[in-house]
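The primary structure of each chain is shown beneath.
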Amino acid sequence: MVIRKAKALCHILGHKSVHIYPDELIAGNIGSRRISALIQPELAGVFMSEELLWIDKRKTTPFQIPWADRLKLLFKVFPYWLTRNLAFRSFYPHIFKLIRYAADQLNAKYYLIHEAGGIGHFLPNYEKMLKLGVRDF
């Protein structure tokens, strides 16, 4: 698993482009566009695939994704990870428990703040860090 993760990281970093925008103090992002979202289909992101159809029209945090990218996710990325994701591997062969877990995730009965949930809201105080520097932060 360690070798697989290292190879995956090597592939990602080898194919990632860097864009630094004018007047940007902190450069870099998670995706290929300036405004991107983290999906993590290898963890639990596969279960959120149904949201791709109306993600640009939802009340909370609407997100613009070109239809070409949505279709690629729906027909290439998500099918590949459907039986290779963490949740499937955790519940297999107990498929009914997996279905209950997926239904709970889609109904948002509760939220878990962890890596599999794709939560990215824990950000440092960049203003303070820029004033003090990384060492004194």
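Look above for the structure.
**Looking at the overall build of the protein chain**
When you go through the protein chain residue by residue, the secondary structure sums to 5 helices and 0 strands. Written out in order from the N terminus, the α and β elements of the protein chain read α-α-α-α-α. When the 137 residues of the protein chain are sorted by exposure, 19% land in the buried category. When contacts within the protein chain are restricted to residue pairs at least 6 apart in sequence, long-range pairs at least 24 apart make up 49% of them. Summing over all exposed atoms, the protein chain offers an accessible surface of approximately 11,300 Å²; the carbon and sulfur share of this is 63%.

**Regarding unusual backbone geometry**
With an omega dihedral of 10°, the bond running from Tyr-92 to Pro-93 counts as a cis peptide bond. Despite not being glycine, Asp-23 has its phi angle at roughly 60°, a positive value. Positionally, Asp-23 belongs in the loop between helix H1 (2–15) and helix H2 (67–81).

**With respect to H1**
With 14 residues, H1 should cover 20 Å at 1.5 Å per step; its first-to-last C-alpha distance of 20 Å lies within 8% of that length. Counting buried positions over the 14 residues of H1 gives 0, only a small fraction of the element.

**Regarding the packing of aromatic side chains**
Evaluation of the coordinates by the stated rule reveals 3 aromatic pairs. Both rings, one in Tyr-80 and one in Trp-81, keep their centres 5.1 Å apart while their planes meet at 90°; by these two values the pair is edge-to-face. Its relative accessible area of 23% is what places Trp-81 among the partly exposed residues. Ring geometry for Phe-88 and Tyr-92: centres 5.3 Å apart, planes at 25°, overall stacked. A relative accessible area of 52% places Tyr-92 in the exposed class. A cation over a ring is seen here: Arg-70 above Trp-67, with NZ or CZ 4.2 Å from the ring centre.

**Section: H2**
Taking 1.5 Å of rise per residue, 15 residues should cover 21 Å, and H2 covers 20 Å from first to last C-alpha, within 8% of that figure. Its axis deflected by about 40° at Leu-73, H2 carries its strongest bend there. Three or more residues of H2 are buried, namely Arg-70, Leu-73 and Phe-78.

Rules used throughout
- Residues numbered from 1 in each chain as written.
- Predicted model: local features only at pLDDT ≥ 70, side-chain atom pairs only at ≥ 80, totals over all residues.
- Heavy atoms only, no water.
- Helix = DSSP H or I, 4+ residues; strand = E, 2+ residues; numbered from the N terminus.
- Buried < 20%, exposed > 50% of the residue type's maximum accessible area, 1.4 Å probe, protein only.
- Contact = heavy atoms within 4.5 Å.
- Areas by Shrake-Rupley, 256 points an atom, 1.4 Å probe, with all protein chains shown as cover.
- Expected span 1.5 Å × (residues − 1).
- Phe/Tyr/Trp six-rings, centres within 6.5 Å; stacked < 30°, edge-to-face > 60°.
- Lys NZ or Arg CZ within 6 Å of the ring centre and 35° of its normal.
- Bend = angle between axes of the 7 residues up to and from the residue.

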